[in-house]
Amino acid sequence: MDVALTVAEQDGRVSGEPHIGDGELAVIDAWWRAANYLTVGQIYLLDNPLLREPLRVEHIKPRLLGHWGTSPGLNLLWAHLNRTIIARNLNALFITGPGHGGPAIVANTWLEGTFSELYPSVSQDEDGMARLFRQFSFPGGIPSHVAAEVPGSIHEGGELGYSLMHAYGAAMDNPDLLVACVVGDGEAETGPLAASWLSNVFLNPICDGAVLPILHLNGYKIANPAVLARIPEEDLLAMMRGFGYAPMVVAGDDPVSVHHQLARALDAALDEISAIQRRARATGDGTRPRWPMIIMRTPKGWTGPQTVDGVPVEGTHRAHQVPLDGVRTNPDHLAMLEAWLRSYKPDELFDATGAPLETLDPLRPQGSARMSANPSANGGVVLRDLVLPEIDGFAVDVPHPGATISEATRALGAWLAEVIRRNPDRFRIFGPDETASNRLGGVFEATDRAFTARIEPGDDNLAPSGRVVEVLSEHLCEGFLEGYLLTGRHGLMNSYEAFIHVVDSMVNQHAKWLKVTREIPWRRPLASLTYLLSSHVWRQDHNGFSHQDPGFIDHVSNKKAEVVRVYLPPDANTLLSTMDHCLRSRHYINVVVAGKQPAPNWLSMAEAKLHCRRGLGIWEWAGTEHGDGEPDVVLACAGDVPTLETLAAASLLRERRPDLKVRVVNVVDLMRLQPESEHPHGLPDSEFDAIFTTDRPIIFAYHGYPLLIHKLTYRRRNHDNLHVRGYKEEGTTTTPFDMVMLNDLDRFRLVIDVIDRVPGLAVKTAALRQEMEDARQTCRDHTRTHGEDDPRITGWTWTIP
Ligand SMILES: Cc1ncc(C[n+]2csc(CCOP(=O)(O)OP(=O)(O)O)c2C)c(N)n1
Ligand SMILES: [Mg+2]
């Protein structure tokens, strides 16, 4: 039929004049009807899948669950995309923003045969169809959303807002991939999705693939109209143009017209995408093109019951879930359901055995061309290991503990630069504007920040092809990285510790995905999602209270033990060793908290590797156990600043009470504290008891909120003697030492804790206790007078005993 117009000409409303042949249209319509039929069947039917007999109450599920409203739109898009996949030999991925439309996506994967290949009992016949229907939202079956069980899905979509950022993450470094991303008009109201329109600034048409956003303007959410459906269309178009897209509107409720419009819009969009990529790749010009996008304004619950009990349903919010909810008790509803199902003419769609008829074949891509079988949607299948440089070459020199000073993240940055050089197509760093501020600036020796908008003289390290993606939206950073990992690549997220909480909810969802996919045999392990949290609570010298929050660790520690790991490397070499481990790991969420400020190095690389492998260990050089007997007290620490304070406390005790047997224990891998029954890293009780003793006081200086240490260790024998110091929500813009004093984590306080808790020490060391109290006051006074820490604190170094 007619040649697709260019997007520029097409921009705006799309014509419904014939664009595809009648035969082609009939097949698309048949696929759409088949998928709609299978969707309704999943929501309602227990039995009688092909309606071989009149529908009776016993054929109906006892609990009617699922979301019909969004489904016909998803089915329509899938059918039309299949036409273009076959015609253009596309490598396409489908991302479903309204992930509650699970039955629709499942229906299409069954029609494509993928569902039956992965779940052979759900075969492409009448029995299989009955199972397909029964298992949906049924105990022991599959969930109601586009969950991990659904082939072709990288995105559950249960929590709305992340579709478009996942799509962009998937497209990065996938130059041949087209990601069709359906965005719900309700979903579009979420903060994360609202920010996602900016993503095209970070997509390079030369080395990345393409994203085709499709805003599904079905007009409603659960109970309300969608905002974008009610603002003037010209405003919506202006908004999309403002975000740099060329929008096309497909609108209507006449299937024939909408089929032609959608086919035309897709052809125009795909022509334009090819032209953009050809142009950019031929000229080497990666600056931001005007990418096409589609706005599809069709009725919510289209083709479903129009009116139920005298109330309009099709095209209203009432179509959102189950439009006929009285089918088991109300014969009228049952009759309406049967009429609804029969309106799709199942006899013209499925053969006598229940298999999809051959007439649908022209719309069935083969093998991995099926969106339900695209290997990128099962990222572990396409995952290639990172080539990691040996960390030894990046070690900082530590002749003896405390001998040298480093900024741990700066040392890491040099190594990461080499990781980038060696993995130019499969590793990216994402962060909200803080890569340099977190002292990872070394990476800019190897790459730039990706940016396809205007670059001006004086901008630092900006280029269309950078491996660092910085946008001031933790949501976007997280979503891009998730999309990148879910499609089989590797990456790192770096952020301020306090503000990573912005993505708490996204981490929840990713953790759920990792947990569930571990149990699905055909899903392959992904590269881990690793966070580097720097600019942490203790060193917010520029900022203050708003920037002081170490609670992300607490949040993550609630997730499934198989999935989460938390590391608190105390210095530069341990950070390098930890990160090397994290980037090799699979299918975890790794949280690494490390400082960026100059701080003493404690361990050589050889020692750091051993210490990190153990996860925690006794630092004999720091204690005064004298080789035999039991310690009088254990000074434990986790985190760089608590480690410094603990070592300073240990050296004070060594000087002032050389007879006291002090054991210093450093914890890098926080999950070692849990019993082995609770976490795979958990230390066996016997080892824990040996290290932490069963009856001596433990003074534990911890980076974050003290409660977590209690939570992790509450079952340990010596828990009653565990006394944790950490952040107790005291903060402001002040000096580093004032910060630790405000929270009672300072060296003097730790010495006082020892005096107060080691039996018999209080009376013997009353003078020392007084001196420690005085020292706190003097140091506080110094900050108030001079605006900086006392030189006795800043100049303190570990001296070899
Ligand atoms: C972040 C989030 N908030 C609330 C919900 C509850 N919820 C589920 S579906 C829905 C309406 C979605 O509307 P829309 O995106 O327009 O989808 P569609 O109309 O296609 O069903 C809401 C609010 C959710 N899933 N996620
Ligand atoms: Mg909607």
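Structure first, text after, so check above.
As a starting point, this report considers the structure included with it.

Some points on the overall build of the protein
Within the protein, the regular secondary structure consists of 26 helices and 23 strands. Here the C-alpha radius of gyration of the protein, 30 Å, is about what a compact globule of 801 residues would show, namely 28 Å. Projecting the C-alpha coordinates of the protein onto the three principal axes gives extents of approximately 95 × 65 × 45 Å. Every one of the 801 residues in the protein was classed for burial, and the buried ones make up 64%. In the protein, once contacts between residues fewer than 6 apart in sequence are set aside, the share between residues at least 24 apart is 78%. Entry remark: accessible area of the protein is about 28200 Å², with carbon and sulfur atoms responsible for 50%.

Description of the sheet that holds strand S21 (residues 662-667)
Backbone hydrogen bonds are what pair the strands of a sheet, in a parallel or an antiparallel way. Strand order in the open sheet formed by five strands is S19-S21-S20-S22-S23, and the pairing between neighbours is mixed. Of all the strands in the sheet, just strand S19 (616-618) and strand S23 (722-725) have a single pairing partner and so form its edges. If you compare each strand with its neighbour and ignore which way they point, the axes differ by 20° on average. Summarising the sheet, strand S20 (residues 633-638) and S21 pair through five bridges and their orientation is parallel. Note that in S21 the partner of Cys637 across the bridge is Asn666. The strands touched by helix H20 (residues 685-692) are S19, S20, S21 and strand S22 (698-702); relative to S21, the strand with the most contacts, the crossing angle is about 135°.

Focus: the pattern of salt bridges
Overall, the coordinates contain 48 salt bridges when judged by the stated rule. Here Arg725 ties to Asp744 by a salt bridge, and the two come within 3.9 Å at their closest N and O atoms. A residue pair is termed long-range when its members are at least 10 positions apart, and Arg725 in strand S23 and Asp744 in the loop between helix H22 (736-742) and helix H23 (747-757) qualify at 19 residues. Exposure class is identical for Arg725 and Asp744. Each is buried. Taken together, the salt bridges that share partners define one network made up of Arg725, Lys728, Asp744, Asp746, Arg749, Asp753 and Arg776.

Examining the coordination of the magnesium ion (ligand 2)
Around the magnesium ion (ligand 2), the donor atoms from the protein are Asp185 (OD), Asn218 (OD1) and Tyr220 (O), and they sit 2.0 to 2.1 Å away. Linear spacing of the donor residues for the magnesium ion (ligand 2) on their chain is D-x32-N-x1-Y. Of this pair, Asp185 sits in the loop between strand S3 (177-184) and helix H8 (191-196) while Tyr220 sits in the loop between strand S4 (210-216) and helix H9 (227-230), placing them 35 residues apart in sequence.

Description of empty space enclosed by the protein
By rolling a water-sized probe across the atoms, one finds the places where empty space is left. Taken as a whole and assessed by the stated rule, the structure comprises four cavities of 30 Å³ or more. Of the pockets and cavities examined, the largest cavity occupies roughly 60 Å³. Lining the largest cavity we find Ala377, Asn378, Gly379, Leu486, Trp513, Thr517, Arg523, Arg524, Leu526 and His587. Each residue belonging to the lining of the largest cavity can be placed in one class, and the counts come to four nonpolar, four polar and two charged.

Regarding the sheet that holds strand S2 (residues 91-96)
Taken in spatial order, the six strands of this open sheet run S1-S5-S6-S4-S3-S2, and their pairing is parallel. In this open sheet, the two edge strands, each paired with only one partner strand, are strand S1 (12-13) and S2. Set on the sheet, helix H7 (residues 163-171) makes contact with S2, S3, S4 and strand S5 (245-251); between it and S3 the angle comes to about 175°.

Quick word on the layout of surface pockets
Quantified by volume, the largest pocket comes out at close to 590 Å³. Among the secondary structure elements, those contributing two or more residues to the lining of the largest pocket are strand S9 (405-407), helix H17 (572-584), strand S18 (598-600), helix H19 (640-656), H22 and helix H26 (791-794). The leading source of residues in the lining of the largest pocket is H19, at four residues. There is about 340 Å³ of room inside the second largest pocket. Around the second largest pocket, the lining comprises 19 residues; the ones closest to its centre are Ser577, His581, Lys609, Cys612 and Arg613. Of all the secondary-structure elements, those providing two or more residues to the lining of the second largest pocket are H17 and helix H18 (605-614). Broken down by class, the residue content of the lining of the second largest pocket amounts to five nonpolar, five polar and nine charged.

Here we look at the side chain of Thr574
The residue Thr574 is located in helix H17 in this model. By relative accessible area, Thr574 is classed as buried at 0%. The contact partners of Thr574, leaving out residues within four places of it in the chain, are Pro569, Leu603, Ala608, His611 and Cys612.

Topic: the nonpolar core
Across soluble globular proteins, you tend to see nonpolar side chains buried next to one another. Tyr44, Ile589 and Leu670 are the most contacted members of the largest nonpolar core, which has 181 residues in total. At 13 residues, helix H2 (residues 22-44) tops the list of elements feeding residues into this core. Excluding its chain neighbours within four sequence positions, the residues that come into contact with Ile589 are Val507, His510, Ala511, Leu514, Leu529, Tyr531, Val556, Val563, Val564 and Arg565. In terms of nonpolar packing, the next biggest core, distinct from the first, is built from 72 residues, Leu492, Tyr705, Val740 and Val758 among them.

What about the packing of aromatic side chains?
All told, the structure shown has 22 aromatic pairs when counted by the stated rule. Note on Tyr37 and Phe350: the rings are 5.7 Å apart at their centroids and 45° apart in plane angle, and the pair reads as tilted. Note that Tyr37 is positioned in helix H2 and Phe350 in the loop between helix H12 (331-342) and S9, a separation of 313 residues in sequence. Like Phe350, Tyr37 is buried. Their ring planes at 70° and their centres at 6.4 Å tell us that Phe202 and Phe451 sit as a pair that is edge-to-face. Of this pair, Phe202 sits in the loop between H8 and S4 while Phe451 sits in the loop between strand S11 (449-450) and strand S12 (462-463), and the two are 249 residues apart along the sequence. Residue classification places Phe451 among the partly exposed positions, given a relative accessible area of 22%. One aromatic cluster is present, formed by Phe202, Phe430, Phe451, Phe480 and Tyr484 through successive ring pairs. A cation over a ring is seen here: Arg565 above Tyr588, with NZ or CZ 3.9 Å from the ring centre. Sitting over the face of the ring of Trp796, Arg747 holds its NZ or CZ atom 5.4 Å from the ring centroid.

Remarks on helix H25 (residues 766-786)
For H25, with 21 residues, the first-to-last C-alpha span of 30 Å sits near the 30 Å given by 1.5 Å per residue. Inspection of H25 places Leu768, Met772, Ala775, Arg776, Cys779, His782 and Thr783 among the buried residues, and these make up the whole buried set. Down the axis of H25, the buried side of the element spans an arc of 125°, and every buried residue falls inside it. Away from its buried face by more than 90 degrees, H25 exposes Ala767, Gln770, Arg784 and Thr785.

Definitions and limits used
- Residues numbered from 1 in each chain as written.
- Chains lettered and ligands numbered in written order.
- Predicted model: local features only at pLDDT ≥ 70, side-chain atom pairs only at ≥ 80, totals over all residues.
- Heavy atoms only, no water.
- Helix = DSSP H or I, 4+ residues; strand = E, 2+ residues; numbered from the N terminus.
- Rg over C-alpha atoms; globule rule 2.2 N^0.38 Å.
- Buried < 20%, exposed > 50% of the residue type's maximum accessible area, 1.4 Å probe, protein only.
- Contact = heavy atoms within 4.5 Å.
- Areas by Shrake-Rupley, 256 points an atom, 1.4 Å probe, with all protein chains shown as cover.
- Pairing = 2+ DSSP bridges.
- Axes fitted to C-alpha atoms, helices over the stretch in contact; angles between N-to-C directions.
- Salt bridge = Lys/Arg side-chain N within 4 Å of Asp/Glu carboxyl O.
- Donors = N, O, S within 2.8 Å, 3.2 Å for Na, K, Ca; no water.
- 1 Å grid on protein atoms, 1.4 Å probe; cavity = no way out; pocket = protein on both sides within 12 Å on 5 of 7 lines; lining within 4 Å.
- Points joined across faces, edges and corners; volume = space filled by probe spheres on them.
- Nonpolar A, V, L, I, M, F, W, Y, C, P; charged D, E, K, R; others polar.
- Core = buried A, V, L, I, M, F, W, Y, C linked by side-chain atoms within 4.5 Å.
- Phe/Tyr/Trp six-rings, centres within 6.5 Å; stacked < 30°, edge-to-face > 60°.
- Lys NZ or Arg CZ within 6 Å of the ring centre and 35° of its normal.
- Expected span 1.5 Å × (residues − 1).
- Arc of directions from axis to C-beta.

Shape is all these values report; function is a separate question.
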